[in-house]
Amino acid sequence: MFKIKNYINGQLVEPESGEYLDNYNPAEGKVYSLIPDSDDRDVQKAVVAANAAFDGWSSMPVLKRSAILLKIADFIDRDHEKLARAESDDNGKPLSLASRVDIPRASSNMRFYATAIQHFASESHMSDDQALNYTTRTPVGVAGCISPWNLPLYLFTWKVAPALAAGNTVVAKPSEITPMTAYLFSELCIEAGLPEGVLNIVHGLGAKAGQAIVEHPDIPLISFTGGTTTGKHIAATAAPMFKKMSLELGGKNPNIIFDDCDFDQALKVSIHSSFANQGQICLCGSRIFVQEGIYDRFVSQFVERVKTLKVGDPHDETSKVGAVVSKQHKDKILSYIKLAQDEGGEILCGGHQVKVEGRCEEGYFIAPTVIVGLDATCRTNQEEIFGPVVTIIPFKAEDEVIALANSTAYGLSATIWTDNLKRAHRVSHQIKSGIVWVNTWLFRDLRTPFGGMKQSGVGREGGEEALRFFTESKNICIALK
Ligand code: TXE
């Protein structure tokens, strides 16, 4: 059985414990590799290596740092198919999705920050003729980067790239559920000549290896993406240590469809925003609000299209819905479908596990599910399900739907469908979320601030926001008299 290794001080090494955890292929429902069951000893080794590498890396000329990161991006592009296959096998997503989205975005993340750092300037100004004020932005030290299982290499590089570009060294822990592409990434780092200790990847359980990173006194900042519950726990550990934190957490995003929208486009894109990656994207529009004038037409045409989505072997080009990430997650999603029925919801399609013939017959597949007839305040419409499950809710007036959209504890993203320009701006300004898409979904410009409010997180990633997060600013004031 293939054993993944930790990447510490430039070497691929076994965990100190000598213990390993099973790593499942969710489409087959079988263990296909093993991952290190690392603990605080491995994290300690990683922190020592990262600290030792910090001076050399942070003082390396930016263009040299940038060139190494660009070389890693070149290797991601070179190994595109291998990485896409590994991502699909580890996560359960369709190979076509990993190939079209996950791996190209990982390469883009590396390229974006390898070049952004070359243009990252700060500010200075004269205070009348009294003084000169200028600001420096310098790397913080050893950055702790903890990433989730839904977009494994995409979100792993989304943290590691800016951290390294800014001159920090890194101790990273990918999700124990999808460790494979981070492991393959470490091999590319070695090949690219990334100096030893600059990036260290410690695989293992969140409560053990992850917790050891969050509570390590020599890791002054934590960048985390994952569930809100875990985010709360991490904040409780890191805040009293005065660590800098970026928390990208869950969402229960509204997809608001007004009757003055481009109906066909709203219908087409809403299929994607509901079920892409099996609904396992924190930005998915899981609550669909449809204005009453087009409600019946939308529901019937939406359900008709959902029924055509093929749930199948992720290696099959025609599969649109792959396996959800784990047995535990499958059971969680099915429990929410049952909850929806208990709360009085009507299932118009899906609502059950799917048996896929052949190699995937033991896999974790759920039919894309559409539920109507639920009140906006019920648990199904308030809690993050994070699976191929959406609810559709009718509304009459604009102010009513804004209140409904804002009525959860989350505030990550929202999608609005309207051809009325004034309404687009008016509603966008009233929605309480960090990201609003109008007449599109998941259009990503990496320069934009990314993140949410309320229980969707703290801080922003993306563009200059990430470089400012991964640096410490200092204002220096020089008297001129
Ligand atoms: O995420 P966790 P899980 C949501 C989604 C999902 C729920 C839980 O609703 O059902 O979160 O998913 C590490 N100290 N999202 O359990 O637990 C863990 O090892 C340090 C939304 O997979 O948040 C993994 O690497 N680290 C999200 C990472 O945290 C800890 C994407 C995420 O795991 C830790 C994924 C600890 N005490 C899930 N406990 C998004 N916003 O995209 C766990 N970890």
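In this text the structure is predicted, and so the values were computed from the model without any measurement.

**Student:** Could you clarify how one ought to interpret helix α13 (residues 398-405) in this entry?
**Tutor:** Residues Glu398, Val401, Ile402 and Ala405 constitute the buried set of α13. Taken around the axis of α13, the buried residues stretch over an arc of 105°, which confines them to a single face. Of the surrounding elements, those touching the buried residues of α13 are β13 (254-257), β14 (287-291), β19 (389-395) and α14 (421-430).

**Student:** Hey, could you run me through the site of the ligand in this one?
**Tutor:** Neighbouring residues of the ligand: 27 residues in total, closest Trp149, Glu176, Gly227, Leu249 and Lys332. Here an oxygen atom of the ligand sits 2.7 Å away from a polar atom, N or O, in the main chain of glycine 227. Coverage of the ligand by the protein amounts to 87% of the 810 Å² it exposes when considered alone. Elements represented by at least two residues in the shell around the ligand include exactly α7 (206-214), β11 (221-225), α8 (228-238) and α11 (327-342).

**Student:** Help me understand the sheet that holds strand β21 (residues 413-417) in this model?
**Tutor:** Through backbone hydrogen bonds, the strands of a sheet pair up, either in parallel or in antiparallel fashion. Overall, mixed pairing links the seven strands, which are arranged β15-β18-β19-β14-β13-β21-β22 in an open sheet. Whereas interior strands pair on both sides, the edge strands pair on one side only; in this sheet they are β15 (346-349) and β22 (435-438). Adjacent strand axes in the sheet meet at a mean angle of 25°, parallel and antiparallel pairs treated alike. The pairing of β21 with β22 spans four bridges and is parallel. Residue pairing across strands places alanine 414 opposite valine 436, the latter belonging to β22. Against the sheet, helix α10 (residues 292-306) makes contact with β13, β14, β15, β18 (369-372) and β19, and its axis sits at roughly 135° relative to β14, the strand it touches most.

**Student:** Is there a simple way to explain α8 in this structure?
**Tutor:** Owing to its 3.6 residues per turn, the α-helix brings residues three or four apart onto one side. The complete set of buried residues in α8 reads Thr228, Gly231, Ile234, Thr237 and Ala238. Among the structural elements, α7, β11, β12 (244-248) and β20 (410-411) are those in contact with the buried residues of α8.

**Student:** Sorry, what's going on with the domain arrangement of the protein here?
**Tutor:** Where the parts come together, the accessible area they lose is often given as the size of the interface. Assigned domains of the protein: these are domain 1 (2-249 + 456-479) and domain 2 (254-445). Its C-alpha centre places domain 1 at a distance of 30 Å from the equivalent point of domain 2. With 28 residues of domain 1 at the contact, the number on the domain 2 side is 29 residues. In this assembly, domain 1 packs against domain 2 so that about 2,300 Å² is buried in total across both faces, 54% of it on carbon and sulfur atoms. On the domain 1 side of the contact with domain 2, Ala27, Trp149 and Ser456 bury the most area, a combined 23% of that side's loss. Between domain 1 and domain 2 we count one salt bridge in total. Put simply, arginine 359 and glutamate 28 hold a salt bridge, and the shortest N to O gap is 2.7 Å. At the boundary of domain 1 and domain 2, one finds 11 residue pairs in polar contact (both at pLDDT 80 or more). Class assignment of the residues belonging to the side of domain 1 that touches domain 2 gives a composition of 11 nonpolar, 10 polar and seven charged.

**Student:** Got a minute to help me understand unusual backbone geometry in this structure?
**Tutor:** Excluding glycine, a negative phi dihedral is what most residues carry, and trans is how most peptide bonds are arranged. Not every positive phi belongs to a glycine, and phenylalanine 242 is a case in point at roughly 55°. Examined against the element boundaries, phenylalanine 242 turns out to sit in the loop between α8 and β12. Not every positive phi belongs to a glycine, and asparagine 277 is a case in point at roughly 60°. In this structure, asparagine 277 sits in the loop between α9 (263-275) and β14. What makes asparagine 277 buried here is its relative accessible area of 2%.

**Student:** Looking at this structure, how should I read the packing of helix α2 (residues 62-78) against helix α6 (residues 180-192)?
**Tutor:** Working note: a packed helix pair is described by the angle between its axes plus the distance between those axes. In contact at an axis separation of 9 Å, α2 and α6 are set at 125° when each is read in the N-to-C sense. By the angle between their directions, the pair α2 and α6 is classed as oblique. Pair α2 / α6 crosses with right-handed handedness. Contacts between α2 and α6 involve Ile68, Lys71, Ile72, Phe75, Ile76 and Arg78 from the first element and Phe185, Leu188, Cys189, Glu191 and Ala192 from the second. Its residues placed into classes, the contact of α2 with α6 shows eight nonpolar, no polar and three charged.

Calculation criteria
Position labels on residues start from 1 in each chain and follow its written sequence. Two thresholds apply to this predicted model, a pLDDT of at least 70 for residue-level local features and 80 or more for giving and counting side-chain atom pairs, whereas whole-chain, interface and lining totals are computed over all residues. To obtain the side-chain values, all non-hydrogen atoms of the structure were included, while hydrogens and water were left out. Summary of the burial criterion: residues with accessible area below 20% of their type's maximum are buried, those above 50% are exposed, and those between are partly exposed, where the area comes from a 1.4 Å probe applied to protein chains only. Here a helix means four or more residues in a row that DSSP labels H or I, a strand means two or more in a row labelled E, and each is numbered from the N terminus. The arc in question is the one traced by the directions running from the helix axis out to the C-beta atoms. Throughout, a contact is declared for two residues whenever any of their heavy atoms are within 4.5 Å. One heavy atom within 4 Å of a molecule or strand is enough for the residue carrying it to be called near that molecule or strand. Pairs of N or O atoms within 3.5 Å make up the polar contacts considered here, provided that, within protein, one atom can donate a hydrogen while the other can accept it, and that residues adjacent in sequence are counted only when both atoms are side-chain atoms. With residues, only the protein chains shown are counted as cover, and all accessible areas are computed by Shrake-Rupley using a 1.4 Å probe. At least two bridges found by DSSP between two strands is the condition for calling them paired. Geometry is summarised by axes, namely lines fitted to C-alpha atoms with helices restricted to the contacting stretch, and by angles between N-to-C directions that run from 0 to 180 degrees. Residue ranges labeled as domains rest on an automatic or database domain assignment. What gets called buried area is simply the loss in accessible area from a 1.4 Å probe that two parts show on being joined, summed for both. Salt bridges, as used here, are contacts in which a Lys or Arg side-chain nitrogen is within 4 Å of a carboxyl oxygen on Asp or Glu. Gly is put with the polar residues, along with every residue not named as nonpolar or charged; the nonpolar set is Ala, Val, Leu, Ile, Met, Phe, Trp, Tyr, Cys and Pro, and the charged set is Asp, Glu, Lys and Arg. When describing relative orientation, an angle under 35 degrees is termed roughly parallel and one over 145 degrees roughly antiparallel, while 65 to 115 degrees is termed roughly perpendicular and anything else oblique. By definition, turning the near helix anticlockwise from the far helix through less than a right angle yields a left-handed crossing, and turning it clockwise yields a right-handed one.

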